[in-house]
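Given next are the chains, with one letter for each unit.
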Amino acid sequence: MSINLNISEVAIRENRLGSVTGYQGSIKELAAQASSCSLKNKERCFSQSSACSSGCAQGYLSRIVDAAIVVHAPIGCAADSVYSNTQNKWGEKVRNWKHRNINVINTNMVEEDTVFGAVVKLKEAVREAYRRFNPKAIFVTTSCVSGIIGEDITSVLDELEEEIPIPLAPVFCEGFKSKIWASGFDAAFHAILTKIVKPPQRKTNKVNMINFSGSARKQIVETLARFGLEPVFVAPYSTVEELSKMSESAATISICGTLGSYIGNGLEEHYGVPYVKTLQPHGIVGMDSWLRGLGAVTGKEDEVEAYIREEKEKIASDLVEIREKLQGHTAVVGMGPSFGHNYIRTIQELGIKVIWGATWHFDPQYDNGKTPASTELLASQEVDIPVSVGDQQNYELLNLLNRLKPDLYVARHGGSTVWATKLGIPSVMVADEFSAFGYQGLIDFGYRLSDALTNRSLAKNLSSRVKMPYTDWWMAQDSFIFLENEVV
């Protein structure tokens, strides 16, 4: 599969990867359909609101420390900046950095702009962003409104390049184009690949570490140092100059297969930077796979094997203890596709039986044309786990949880854990992408799950006092009754 850097806009995941947001079946069926290119999306004749790709692109790019974002959209789309700023503050605290607000300007498109266009506003906003923030690059993100009226953003930025001597990168991430918000990450990385990354001048010992917030920064620095390697955390909290040199790195690794697919495969295809396409580094099996993949492409196999043996010995007794605590409990997992399938495996490592896996979308292949390794691994197990795909449709999820009544609900994206807790189900929100990271991380995560299982007061008290918005009629229905092969 080729990544074309000569075009200004990357295709959405539905068109590029065949990704789906509607499915119900088992993990073995899902993997079989993915590998045979026979997976078809199912539509819903009823759906609740969800996230959009524009918010993903804005939030991700806004944490590049010396860049600025111009959001060409109505002011309402700038509401995502509040969440992005909160995320930014959390990441700064992890690094002991002084807080600064993210550099974002909104063009405030109004009704008359939908008739006459708003390129004048856009030019003024880009000039103001350059004057106010003195950035090293400016990213201009699109919106449903600017996309529907066909604003020629590329031409506007081409005109301004003579006036403003820094990269001006369009980011085409209109929310209406895709039901998969991860398409926004691809749009952000396409802008970085086409406008920021430069051809390599030399090769280094650095490793591009694709992540969200990088809370395990210290641990990763120390681990890679054992192998004579140095991480560059991409893209939040990096600089434009660091991003421009990603082509010089020895390898690219990612904390998330969904996040890293486009940039990792793009760097490999165009600049020869090997992309490690293994399991995510969560739990023992995942960390083994991730480190061995890195060792193979950097020639550090022996050092990696020594490190793996050492770390496993450290946690051996704790792992026995935590497995005894968790053995026999049941869980439902609800996360993005890469995290979801990797966390099902990770939770199984702790002795918990996963009775359902719900993911917010599913990619039957990544940008290298291969089915995700985490999906193939789950499908190869003897047990066949029931799974579903939905863009965080909470009405489906709550119906499902009410029927299955698991001991635990483990999720990423907070909106669903709140409702599960109100149902009386202890819930764990995996906000930090480095939860269960590696060997000691698995032990820490296991104790966190154990705490949730033994301290049920919050869920119990909430469920006895809160009236759910869903009727008894809905709770008695099939969870996926609105999921149809074809909507007429």
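Owing to the predicted nature of the structure, the values given are computational and were not obtained by experimental measurement.

What follows deals with the side chain of Ser338. As for its position among the elements, Ser338 is in helix α15 (residues 337-349). Among the polar contacts made by the side chain of Ser338, one reaches the main-chain amide nitrogen of Gly257 at a distance of 3.0 Å.

Attention shifts here to the packing of aromatic side chains. Scanning all chains against the criterion turns up 17 aromatic pairs. Geometrically, the ring pair formed by Tyr60 and Phe189 is edge-to-face, given 5.3 Å between the ring centres and 70° between the ring planes. Separated by 129 residues along the polypeptide, Tyr60 in helix α3 (residues 53-61) and Phe189 in helix α9 (residues 183-195) bring together distant segments of the chain. Exposure remark for Phe189: the relative accessible area of 0% places this residue in the buried category. Here Trp356 and Phe480 contribute two aromatic rings whose centre-to-centre distance is 5.8 Å and whose plane-to-plane angle is 10°, an arrangement assigned as stacked. Note that Trp356 is positioned in strand β11 (residues 353-359) and Phe480 in the loop between α21 (472-475) and β15 (483-484), a separation of 124 residues in sequence. Owing to a relative accessible area of 7%, Trp356 belongs among the buried residues under this scheme. Owing to a relative accessible area of 5%, Phe480 belongs among the buried residues under this scheme. Taken together, the ring pairs in this structure connect Phe46, Tyr395, Trp473, Trp474 and Phe482 into an aromatic cluster. For the cation-ring pair, Lys422 lies above Trp419, with the distance from its terminal atom to the ring centre recorded as 4.5 Å.

What follows is about the UniProt feature "domain: Nitrogenase/oxidoreductase component" (unreviewed entry) in the chain. Following the UniProt record, one finds the feature "domain: Nitrogenase/oxidoreductase component" (unreviewed entry) at residues 52-453. Taken end to end, residues 52-453 has its terminal C-alpha atoms 33 Å apart, with 49% of it in helix and 14% in strand.

When its domains are assigned, the chain resolves into domain 1 (21-45 + 198-487) and domain 2 (53-178). Relative placement of domain 1 and domain 2: their C-alpha centres are 29 Å apart. Across the boundary between the two partners, domain 1 contributes 17 residues, which contact 16 residues of domain 2. Interface area for domain 1 against domain 2, summed over the two sides, is near 1,300 Å², with a carbon-plus-sulfur share of 63%. Among the residues of domain 1 in contact with domain 2, Ser213, Tyr237 and Val240 are the three that bury the most area, contributing 48% of the side total. Counting across the domain 1 and domain 2 interface gives zero salt bridges. Counting across the domain 1 and domain 2 interface gives twelve residue pairs in polar contact (both at pLDDT 80 or more). For the side of domain 1 that touches domain 2, a count of residues per class yields nine nonpolar, six polar and two charged.

What counts, and where the lines are drawn
The residue numbering used here restarts from 1 in each chain and proceeds along that chain's sequence as written. Totals for whole chains, interfaces and linings use every residue, but because this is a predicted model, local features are given only for residues with pLDDT of at least 70 and side-chain atom pairs only at 80 or more, for both listing and counting. Excluding hydrogens and water, the side-chain figures rest on all heavy atoms present in the structure. For the purposes of this entry, the term helix denotes a DSSP run of H or I that reaches at least four residues, the term strand denotes a run of E that reaches at least two, and both are numbered from the N terminus. Definition of a polar contact: a pair of N or O atoms within 3.5 Å, with one able to donate and the other able to accept a hydrogen when the atoms are protein atoms, and with sequence-neighbouring residues admitted only if both atoms are side-chain atoms. When the centres of two rings from Phe, Tyr and Trp lie within 6.5 Å, Trp using its six-membered ring, the rings pair. Their planes under 30 degrees apart give stacked, over 60 give edge-to-face, and anything left gives tilted. Here the term buried applies to any residue with accessible area under 20% of the maximum for its type, exposed to any over 50%, and partly exposed to those in between, with areas from a 1.4 Å probe on protein chains only. A ring has a charge above it when a Lys NZ or an Arg CZ is no more than 6 Å from the ring centre and no more than 35 degrees off the ring normal. UniProt positions are given in the numbering used here, feature names are shortened, and annotations may be inferred rather than shown by experiment. Segmentation into domains, and thus their bounds, comes from an automatic or database assignment. Only heavy atoms enter the contact rule, under which two residues are in contact if any of them lie within 4.5 Å. When two components associate, each loses some accessible surface as probed by a 1.4 Å sphere; the sum of these losses over both components is called the buried area. For this analysis, a salt bridge means a side-chain nitrogen from Lys or Arg found within 4 Å of a carboxyl oxygen belonging to Asp or Glu. Asp, Glu, Lys and Arg are counted as charged, while Ala, Val, Leu, Ile, Met, Phe, Trp, Tyr, Cys and Pro are counted as nonpolar; the rest, among them Gly, fall into the polar class.

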